[in-house]
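As a plain string of letters, each chain reads:
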Amino acid sequence: TVNLERALKIGDRLGGHFVSGHIDGIGEIIQIKKKAENFFEVTIGVAKEVRENLVDQGSVAVDGISLTIAKCLKDGFIVSVIPFTLVNTTLNTKNSGDKVNIECDMLGKYVKSFLAEKKPGITPEFLMEKGFI
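Residues numbered from 1 in each chain as written. Predicted model: local features only at pLDDT ≥ 70, side-chain atom pairs only at ≥ 80, totals over all residues. Heavy atoms only, no water.

> For the nonpolar core, give the residues involved together with the corresponding values.
Ranked by internal contacts, the top residues of the largest apolar core, which has 21 residues, are I44, L54, V60, V62, F77 and I102. Going through the elements one at a time, strand 2 (39-45), strand 3 (59-62), strand 4 (65-73), strand 5 (76-81) and strand 6 (99-104) are the ones with two or more residues in this core. When neighbours within four sequence positions are excluded, V60 is seen to be in contact with L54, I65, S66, L67, I69, F77, V79, I102 and E103. (Core = buried A, V, L, I, M, F, W, Y, C linked by side-chain atoms within 4.5 Å. Buried < 20%, exposed > 50% of the residue type's maximum accessible area, 1.4 Å probe, protein only. Helix = DSSP H or I, 4+ residues; strand = E, 2+ residues; numbered from the N terminus. Contact = heavy atoms within 4.5 Å.)

Structure below.
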């Protein structure tokens, strides 16, 4: 069983996250906890190399499910999941200890790459000024 969404067509409105289907690493579900009638919190542990590409309120794909990071942790992250998503994706079969595929935010990886290459004119200050970070 896999999670699939229709691909974005050129000219469509952007209403979600950029997910390409490339896996950056493997995570482990630490906990799935019901927080209220309308959402669950899923805590996922990841390796340092994956964690370095995650930011609070950034996007992440977990087994192909595009989600928003509620909070980054030292060695993982927490996502809030609405009941519809929990029921209608493979998350409904997951338990603590299960492995999941993780794809980090594509735009964040591009920004990190540009900063690492020290391209002229692209600095953290420039990105903040332009609203990217």
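> Can you tell me about unusual backbone geometry, naming the residues and giving the values?
At Q57, a position not held by glycine, the phi torsion is positive, near 65 degrees. By secondary structure assignment, the location of Q57 is in the loop between helix 1 (48-51) and strand 3. Look at D63: it is not a glycine, yet its phi comes out positive at around 50 degrees. Mapped onto the secondary structure, D63 falls in the loop between strand 3 and strand 4. For D63, a relative accessible area of 18% puts it in the buried group.

> Provide a residue-level description of the environment of N3, including the pertinent values.
With respect to the helices, strands and loops of the structure, N3 is situated in the segment before strand 1 (25-36). The exposure class assigned to N3 is buried, which follows from its relative accessible area of 18%. Placed 49 residues apart in sequence, N3 and E52 show a C-alpha to C-alpha distance of 25 Å. Apart from the residues lying within four places of it in its own chain, the contact partners of N3 are D63, G64, I65, T89 and T90. In terms of polar contacts, N3 uses its side chain to reach the side chain of T90, at 2.8 Å. (Polar contact = N/O pair within 3.5 Å; in protein donor to acceptor, adjacent residues only side chain to side chain.)

> An account of the pairing of strand 1 is requested, with residue identities and associated values reported.
Here strand 1 runs beside strand 6; their pairing, made up of 4 bridges, is antiparallel. Residue pairing for strand 6: E28 is matched across the bridge by K99. Here strand 1 runs beside strand 2; their pairing, made up of 7 bridges, is antiparallel. Paired with K34 across the bridge in strand 2 is F40. (Pairing = 2+ DSSP bridges.)

> Break down a nonpolar patch on the surface for me, citing the residues and quoting the values.
Taken together, the side chains of L8, L14, F18, L107, Y110 and F114 present a nonpolar region at the surface, about 590 Å² in accessible area. Positionally, L107 belongs in helix 3 (residues 106-117). Residue L107 is classed as partly exposed on the basis of its relative accessible area of 43%. (Patch = residues over 30% accessible without salt bridge, like charges linked within 9 Å, V, L, I, M, F, W, Y side chains within 5 Å. Areas by Shrake-Rupley, 256 points an atom, 1.4 Å probe, with all protein chains shown as cover. Salt bridge = Lys/Arg side-chain N within 4 Å of Asp/Glu carboxyl O.)

> Any chance you could break down the pairing of strand 5 for me, citing the residues and the numbers?
With 5 of 6 residues buried, strand 5 lies mostly within the body of the structure. Strand direction decides the pairing type here: strand 2 and strand 5, joined by 6 bridges, are antiparallel. Following the sheet pairing, E41 is matched in strand 5 by S80. Hairpin connection from strand 4 to strand 5: 2 residues lie between these consecutive antiparallel strands.

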